[in-house]
There are 2 protein chains.
Amino acid sequence: MNSDLNQGREGLVVGLDAGGTRTRAVLADLADGRPLGDGTSGPGNALTVPGPELVDHLAEALARAVPEGARGRVTAVAGGFAGAGHQAQGADEPGRVRARTALSAALARLGIAATTVGVHSDIETTFATARGNPADGLVLVAGTGAVAARIAARVPAATSGGDGWLLGDDGSGFWIGRSAVRSALRAADGRGAPTVLARAVGRELGLPPGVLPPESYGVADGVAWSAVLRTAYRAHLLPAVMDRPPVRLADHAPLVVRAAEEKDGVAGEILREAVGSLVETVSALAPRPGEPLVVTGGLLAPHGPLLTPLTDRLAHLALEVTPVSDGSPGAVALARLAHGTGR
Amino acid sequence: MNSDLNQGREGLVVGLDAGGTRTRAVLADLADGRPLGDGTSGPGNALTVPGPELVDHLAEALARAVPEGARGRVTAVAGGFAGAGHQAQGADEPGRVRARTALSAALARLGIAATTVGVHSDIETTFATARGNPADGLVLVAGTGAVAARIAARVPAATSGGDGWLLGDDGSGFWIGRSAVRSALRAADGRGAPTVLARAVGRELGLPPGVLPPESYGVADGVAWSAVLRTAYRAHLLPAVMDRPPVRLADHAPLVVRAAEEKDGVAGEILREAVGSLVETVSALAPRPGEPLVVTGGLLAPHGPLLTPLTDRLAHLALEVTPVSDGSPGAVALARLAHGTGR
């Protein structure tokens, strides 16, 4: 524990990123935004995580980020919540109400009596991570799902994509993972080209080794895959997928990235098509040359597999692209802004 | 009721088509295959309809097709079941076992003691409707789902497609209906072109009239659709779709057919892509010039909306294409064959 922090007198702020898979809290100095502590816990989606559990996860992340001795000095808190609507949708937007109620309860439990507590959508906090803290620009999220938003005066003014796995999210992790399984099935019945994805997907789904294609299947000069095994493969693959929630198809996205690195043509084409869809999603918001674009999610975070191909495809727009891992630094920025600092 | 039938002495056969939405029984003359009676009832999928209900539906269809006085003269029964595997998969294939058990119970209930009772997959009975009763050829089914099969010696030797709504069924009614909703969402956020499908889909999903696009939206020189309404439309459309089982997306397929007839470019492109997928599905089975292709399902039955474009696209193969509404005539043919007649 930071002894400076416990003995200090300066004001502190907390930024929270409450996402579908984890909640992260960051403690920072009010005056200069310098990070002083960090804590993570379980899922924080304001709509899908049950209320009491949401309070627990927020309180856990906060307790880990803010030492007991420092809790009295937190003057502003801001949280970005997956599942929370934005400010323009009104204070009674269901996700915002749930997020605000849970955050108040978590703060009370820890004895944090901040003077300003801000609840935001995760898109707002993600955008707030942009360098120089601009009020207008674009956000593109490509994780399990895919959505883009135009931000005006710090709130989303329009969105593109984000239609969920059944209807859209083209170019997302779900879409890439489903494409991997589709390519495997198409190779198996002869509609599609041989690909190493057939073996990789079958293994990941726990198919009996006896029905998998040979190890060199899909590789140049690789061994053929017998018709009998192809039929058995399909018969095992379909129920293995259908027995799990559809969104689990996103689990196979990393296989596609690896196969593309190993020059598998089918995998490479899936990723090219994914990047094309993401470009289309952000292009529907009519990007203006030079404006900021914050990108995040597993595919576009720093070192994300689609970050470089995406920025290459958008190069002609000269956007100021900032990849971020999560929105907690943006939440810190919004907390400082709400307290009248941070500009 | 046919009095000839009640007073006759000739042998009779029954063919059954037990599909996902209805069960149909056809009574026919053993000697010449002439249809003498017909009855329908509820769903007959051997895997998804609970056992007692399956027996009820089979018995109802049989009772309607076969007058009481004629039941003692039925010498052969054959049924084609959705959800039943084919003969080559063995007598203990789960769907076949369920179908056989239910059919025996239904026949016993009605006092029909046929000497031969055959259980088949619906693909087998569909193919058996082909003119001249060939043993080898192709079947293409495009209804809610889409699958093709190569038939050798009257049983499926290979299949293509049929991967279900989550992973495939490209070109099916589900795929077309989902494409309609996707096109509406893409028009609404600016990723896609204006289309009359936006209004049609919104109406079919029961959206408030106030959020629908103007009536002339998507028509040449049509009125624009305001950004505010587009956002409201998307906010209403997504939950309306997600609140229903995914397969209900197939309900919107007829809208696409109507819109394409009215020269909507987006709808026309959806149908062209659907036909392309169906051609690809059957092409994976390496069709040989002149061989029989039986097509069925809502999209390819006689007068089905994709029948003509599909046959046009396959014209170079000179296949003998037979569109059929259901497999019950094929089941009659198989019943007569099993009794040593019908060649």
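Residues numbered from 1 in each chain as written. Chains lettered and ligands numbered in written order. Predicted model: local features only at pLDDT ≥ 70, side-chain atom pairs only at ≥ 80, totals over all residues. Heavy atoms only, no water.

Engineer: So, empty space enclosed by the protein: which residues are in play, and what are the values?
Structural biologist: All names here are of chain B. Scanning all chains against the criterion turns up one cavity of 30 Å³ or more. A volume near 30 Å³ is recorded for the largest cavity. As for the largest cavity, its lining consists of Glu124, Phe127, Ala128, Asn133, Pro134, Ile151, Arg154 and Leu334. (1 Å grid on protein atoms, 1.4 Å probe; cavity = no way out; pocket = protein on both sides within 12 Å on 5 of 7 lines; lining within 4 Å. Points joined across faces, edges and corners; volume = space filled by probe spheres on them.)

Engineer: Let's hear about the side chain of Ser328(B): which residues, and what values?
Structural biologist: All names here are of chain B. Assignment of secondary structure puts Ser328 in helix H12 (residues 328-338). Judged by its relative accessible area of 0%, Ser328 is buried. Excluding residues that lie within four positions of it along the chain, Ser328 makes contacts with Gly15, Asp17, Arg24 and Val26. (Helix = DSSP H or I, 4+ residues; strand = E, 2+ residues; numbered from the N terminus. Buried < 20%, exposed > 50% of the residue type's maximum accessible area, 1.4 Å probe, protein only. Contact = heavy atoms within 4.5 Å.)

Engineer: Any chance you could break down the pairing of strand S10 (residues 320-323) of chain A for me, citing the residues and the numbers?
Structural biologist: All names here are of chain A. Across four bridges, strand S9 (residues 292-296) lies against S10 in parallel orientation. What sits directly across from Leu293, in S10, is Val321. What joins S9 to S10 is helix H11 (residues 307-313), and the crossover it makes is right-handed. (Pairing = 2+ DSSP bridges. Right-handed = clockwise from strand over helix to strand, strands pointing away.)

Engineer: I'd like to hear about the sheet that holds S10(A), residue by residue, with values.
Structural biologist: All names here are of chain A. Taking strand neighbours across the sheet as the criterion, the five strands line up as S8-S7-S6-S9-S10 in an open arrangement whose pairing is mixed. Pairing within the sheet leaves two strands with one partner each, and these edge strands are strand S8 (155-161) and S10. Looking at each pair of strands side by side, their axes are set apart by 20° on average, direction ignored. By the bridge criterion, four bridges tie strand S6 (residues 137-142) to S9 in an arrangement that is parallel. From the neighbouring strand, Val141 faces S9, where its bridge partner is Thr296. (Axes fitted to C-alpha atoms, helices over the stretch in contact; angles between N-to-C directions.)

Engineer: Let's hear about unusual backbone geometry: which residues, and what values?
Structural biologist: In this model, His303(A) sits at a positive phi of 70°, which is unusual for a non-glycine residue. Mapped onto the elements of the fold, His303(A) is located in the loop between S9 and H11. When its relative accessible area of 81% is taken as the criterion, His303(A) is described as exposed. Even without a glycine there, the phi angle at Ala153(B) is positive, about 55°. Along the chain, Ala153(B) falls in the loop between strand S7 (146-152) and strand S8 (155-161).

Engineer: Break down the packing of aromatic side chains for me, citing the residues and quoting the values.
Structural biologist: Under the counting rule described, the total for this entry stands at seven aromatic pairs over all chains. Measuring from centroid to centroid gives 4.8 Å for Trp225(A) and Tyr233(A), while their planes differ by 80°, and the two rings are edge-to-face. Note on accessibility: Trp225(A) and Tyr233(A) belong to one class, buried. On the basis of an interplanar angle of 65° and a centroid distance of 4.9 Å, the ring pair of Tyr217(B) and Trp225(B) is categorised as edge-to-face. Each member of the pair Tyr217(B) and Trp225(B) is classed as buried. An aromatic cluster is defined as three or more aromatic residues linked by ring pairs; in this entry it consists of Trp165(A), Phe174(A), Trp165(B) and Phe174(B). (Phe/Tyr/Trp six-rings, centres within 6.5 Å; stacked < 30°, edge-to-face > 60°.)

Engineer: Go over the interface of chain A and chain B, please, and point to the residues and values.
Structural biologist: Taken together, the contacts link 28 residues of chain A with 28 residues of chain B. Carbon and sulfur atoms supply 53% of the area buried between chain A and chain B, which totals about 2,500 Å² over both sides. When the buried area of chain A at its contact with chain B is split by residue, Leu166(A), Leu167(A) and Arg191(A) rank highest and sum to 30% of it. In this structure, Glu280(A) engages Arg186(B) in a salt bridge whose closest nitrogen and oxygen atoms are separated by 2.7 Å. The tally of links from chain A across to chain B stands at 14 residue pairs in polar contact (both at pLDDT 80 or more). Top element by residues in the side of chain A that touches chain B is helix H6 (residues 173-189) of chain A. It accounts for seven residues. Of the residues belonging to the side of chain A that touches chain B, the class tally is 12 nonpolar, seven polar and nine charged. (Buried area = accessible area lost by both parts, 1.4 Å probe. Salt bridge = Lys/Arg side-chain N within 4 Å of Asp/Glu carboxyl O. Polar contact = N/O pair within 3.5 Å; in protein donor to acceptor, adjacent residues only side chain to side chain. Nonpolar A, V, L, I, M, F, W, Y, C, P; charged D, E, K, R; others polar.)

Engineer: Please provide a residue-by-residue account of the sheet that holds S7(B), values included.
Structural biologist: Residues and elements named next belong to chain B. Pairing is mixed in the open sheet, where five strands are placed in the order S8-S7-S6-S9-S10. Of all the strands in the sheet, the pair left with one neighbour each is S8 and strand S10 (320-323). Neighbour-to-neighbour, the strand axes of this sheet turn through a mean angle of 20°, independent of strand direction.

Engineer: How would you summarise the nonpolar core if you had to cite specific residues and measurements?
Structural biologist: Formed by 116 residues in total, the largest nonpolar core has its most connected members in Ile176(A), Tyr233(A), Ile176(B) and Tyr233(B). With residues near it in sequence (within four places) discarded, Tyr233(A) still touches Ala184(A), Ala188(A), Ala198(A), Val201(A), Gly202(A), Leu207(A), Val211(A), Leu212(A), Pro213(A) and Trp225(A). Ranked by size, the runner-up nonpolar core spans 31 residues in total, among them Ala18(B), Val74(B), Ala106(B) and Ile112(B). (Core = buried A, V, L, I, M, F, W, Y, C linked by side-chain atoms within 4.5 Å.)

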